[in-house]
Amino acid sequence: MICPNCQKEITPDSFFCQWCGTFIPKTQKGRKANIFIRWLALVIDPLIGIGLYFLAVGIFGAISEDMAGVMAVLFPLGYFIWFLTLLRQGMTPGKKILGLQVVRNKSGEIPGFGKMFVREIFGRILSGLFFGLGYFWALFDKNSQAWHDKLAGTVVLKVSK
Ligand SMILES: [Zn+2]
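Residues numbered from 1 in each chain as written. Predicted model: local features only at pLDDT ≥ 70, side-chain atom pairs only at ≥ 80, totals over all residues. Heavy atoms only, no water.

Quick look at the environment of S160 now. Within the secondary structure, S160 is located in the segment after β3 (154–159). Each C-alpha atom of the pair S160 and T27 lies 9.5 Å from the other, and the pair is 133 residues apart in sequence. Excluding residues within four positions of it along the chain, S160 makes contact with Q28, K29 and G30. In terms of polar contacts, S160 uses its side chain to reach the backbone carbonyl oxygen of Q28, at 3.4 Å. (Helix = DSSP H or I, 4+ residues; strand = E, 2+ residues; numbered from the N terminus. Contact = heavy atoms within 4.5 Å. Polar contact = N/O pair within 3.5 Å; in protein donor to acceptor, adjacent residues only side chain to side chain.)

Our next topic: the packing of aromatic side chains. Considering all chains together, one arrives at 11 aromatic pairs under this definition. For the pair Y53 and F75, a centre-to-centre distance of 5.8 Å together with 65° between the ring planes defines the contact as edge-to-face. Taken together, the positions of Y53 in helix α1 (residues 35–63) and F75 in helix α2 (residues 65–88) put the pair 22 residues apart, joining distant regions of the chain. The partly exposed category is assigned to Y53, whose relative accessible area is 24%. The buried category is assigned to F75, whose relative accessible area is 14%. When the ring of Y79 is compared with that of F83, the centres are 6.4 Å apart and the planes differ by 35°; the resulting orientation is tilted. Of the two residues, Y79 and F83 both sit in helix α2, 4 residues apart, roughly one turn of that helix. F83 gets classed as partly exposed once you look at its relative accessible area, which sits at 23%. Each residue in the set Y53, F54, F75, Y79, W82 and F83 is aromatic and connected to the rest through ring pairs, giving one cluster. (Phe/Tyr/Trp six-rings, centres within 6.5 Å; stacked < 30°, edge-to-face > 60°. Buried < 20%, exposed > 50% of the residue type's maximum accessible area, 1.4 Å probe, protein only.)

The following block contains the structure:
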């Protein structure tokens, strides 16, 4: 098989070209995401939530104490809805900011809510076992799949602009 982007020979049943990182099932969609950027997304995900929370409560708290109280309840709700909306698009807040997207490994389609839920909840528990071995797995996997990707049948792309 030949990579449509760099014209080099690709290992059979690879989802990515090992030379240029092009995503073979849907070349225009993007390329293989750098694993360290993916870990960065993982780290900033909770920070974005916490940061926005204090920002929202702080701003409304400057107006009145009641507003801060209202925001302390409304913000988590709003954030949760935003989070679920992003999840449906194969993203989390951190992934969105860093231009990453989770797609089905064979088709490049957006996995959909059910698959993303499995990936983000059960998959992450699985990957977190044995000192996070499932996360480090992506370093050596030819498709950069962590265990939660294997479970959900997904890969992570750096999306083309
Ligand atoms: Zn290539």
